[in-house]
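Below, each chain spelled out in residue letters.
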Amino acid sequence: MTAFQFRLEKVLAWRRTQLEVEDAKLRRQIAALAELDRARAELEATAIRSEVQVRDWNPLAGQDLAALSNFHLHIRNREKDLAERRRDAVQQLDAQQQALLVARRRCRLLERLEQRRLTEWQACADREVEQLAAESYLSGLSRRRT
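The following refers to the structure shown. Along each chain, the written sequence defines residue order, and numbers are assigned to residues from 1. Reporting in this predicted model follows two pLDDT cut-offs: at least 70 for local features of residues, and 80 or more for side-chain atom pairs to be given and counted; totals over whole chains, interfaces and linings ignore these cut-offs and use all residues. As a rule here, side-chain values cover all heavy atoms of the structure and leave hydrogens and water aside.

Time to look at the environment of Leu8. Positionally, Leu8 belongs in the segment before helix 1 (9–56). For Leu8, a relative accessible area of 33% translates into the label partly exposed. Contacts: residue pairs with any heavy atoms within 4.5 Å of one another. The residues contacting Leu8, other than those within four sequence positions of it, are Leu110 and Leu113. Under the scheme used here, helices are H or I runs from DSSP no shorter than 4 residues and strands are E runs no shorter than 2 residues, and both carry numbers assigned from the N terminus. Classification of residues uses two cut-offs on accessible area relative to the type maximum, computed with a 1.4 Å probe and protein chains only: under 20% is buried, over 50% is exposed, and between them is partly exposed.

Where helix 1 contacts helix 2 (residues 62–145), the two axes come as close as 8 Å, and the packing angle between them is 165 degrees. Classified by the interaxial angle, the pair formed by helix 1 and helix 2 is roughly antiparallel. In this structure, the crossing between helix 1 and helix 2 has a hand that is left-handed. Just so you know the grouping, Ala, Val, Leu, Ile, Met, Phe, Trp, Tyr, Cys and Pro go in nonpolar, Asp, Glu, Lys and Arg go in charged, and all remaining residues, Gly too, go in polar. Residues of the contact of helix 1 with helix 2, tallied by class, amount to 23 nonpolar, 7 polar and 18 charged. Where helices are involved, their axes are fitted lines through C-alpha atoms of the stretch in contact, as for all axes, and angles between N-to-C directions lie from 0 to 180°. Any angle between 65 and 115 degrees counts as roughly perpendicular, while under 35 counts as roughly parallel, over 145 as roughly antiparallel, and the rest as oblique. Note on convention: the crossing is left-handed when the near helix lies turned anticlockwise from the far helix by less than a right angle, right-handed when the turn is clockwise.

Moving on to the environment of Arg87. On the secondary structure map, Arg87 appears in helix 2. For the pair Arg87 and Ala66, spaced 21 residues apart in sequence, the C-alpha to C-alpha distance is 32 Å.

In this section: the side chain of Gln96. Within the secondary structure, Gln96 is located in helix 2. In this structure the side chain of Gln96 is engaged in a polar contact, spanning 2.5 Å, whose partner is the side chain of Glu22. Ignoring any residue separated from it by four or fewer positions in sequence, one finds Gln96 in contact with Glu22, Lys25 and Leu26. Pairs of N or O atoms within 3.5 Å make up the polar contacts considered here, provided that, within protein, one atom can donate a hydrogen while the other can accept it, and that residues adjacent in sequence are counted only when both atoms are side-chain atoms.

Taken together, the side chains of Trp57, Leu60 and Leu65 present a nonpolar region at the surface, about 280 Å² in accessible area. By the secondary structure assignment, Trp57 is in the loop between helix 1 and helix 2. Like charges are joined within 9 Å and nonpolar side chains (Val, Leu, Ile, Met, Phe, Trp, Tyr) within 5 Å, but only among residues with over 30% relative accessible area and no salt bridge; these make up the patches. Calculation of accessible area relied on Shrake-Rupley with a 1.4 Å probe; when residues are assessed, cover is drawn exclusively from the protein chains displayed. Salt bridge, as applied in this entry: a Lys or Arg side-chain nitrogen positioned within 4 Å of an Asp or Glu carboxyl oxygen.

Moving on to the pattern of salt bridges. The full count for this structure, using the stated rule, is 10 salt bridges. One salt bridge connects Glu35 with Arg38, and the closest N-O pair in it is separated by 2.3 Å. Of this pair, Glu35 and Arg38 both sit in helix 1, 3 residues apart, which is roughly one turn of that helix. For Arg85, the salt bridge is made with Asp81, and the minimal N-O distance between the two is 3.8 Å. Separated by 4 residues within a single helix, Arg85 and Asp81 lie in helix 2, roughly one turn from each other. What makes Asp81 partly exposed here is its relative accessible area of 36%. A single network of salt bridges, built from pairs that share partners, joins Glu35, Arg38 and Glu42.

Here Gln29 shows up in helix 1. Every residue in contact with Gln29, bar those within four places of it in the chain, is listed here: Ala89, Gln92 and Leu93.

Cis geometry marks the peptide bond from Asn58 to Pro59, where omega comes out at 0 degrees. The topology assignment puts Pro59 in the loop between helix 1 and helix 2.

Our focus in this paragraph is helix 1. Each helix should span, by expectation, one fewer than its residue count multiplied by 1.5 Å. Relative to the 70 Å expected for 48 residues at 1.5 Å per residue, helix 1 spans 70 Å between its end C-alpha atoms, a close match to the ideal helical length. Residues of helix 1 that are buried: Leu12, Arg15, Glu22, Leu26, Gln29, Leu33, Leu36, Ala39, Leu43, Ala47, Ser50 and Val54. Buried residues belonging to helix 1 abut helix 2.

Interpretation note: all reported values are geometric properties and have no functional meaning in isolation.
Following this line, the structure appears as structure tokens:
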């Protein structure tokens, strides 16, 4: 009996590679989203620190309050920009999750097909061994009778 060979092994290997690539893309997308969240938290902390610092100043001039107001306006604009980038990143993450799901399904389909073919091959090999054993037994019986 010949050794088991899955005819679609190269396709399965390619699908596994695709799955790994999509998984790596997903991980990068998750990291990008986490970086945006970190940047937003850092920006928020900077805004809070600056306000606390300015409140501690003695004497506090009108220019200082104007500068703080401008800084808060800058912070709000940056927060809006980060929020928009985060929305885009979430959309890209959702799309990447779908791409990973499709790649995983395609890979599993071929893996199940390979397993089915292996089971069929094993059953055929078992029948062949049983047939060979039966022929050997019958041959042994006929030799003893003669």
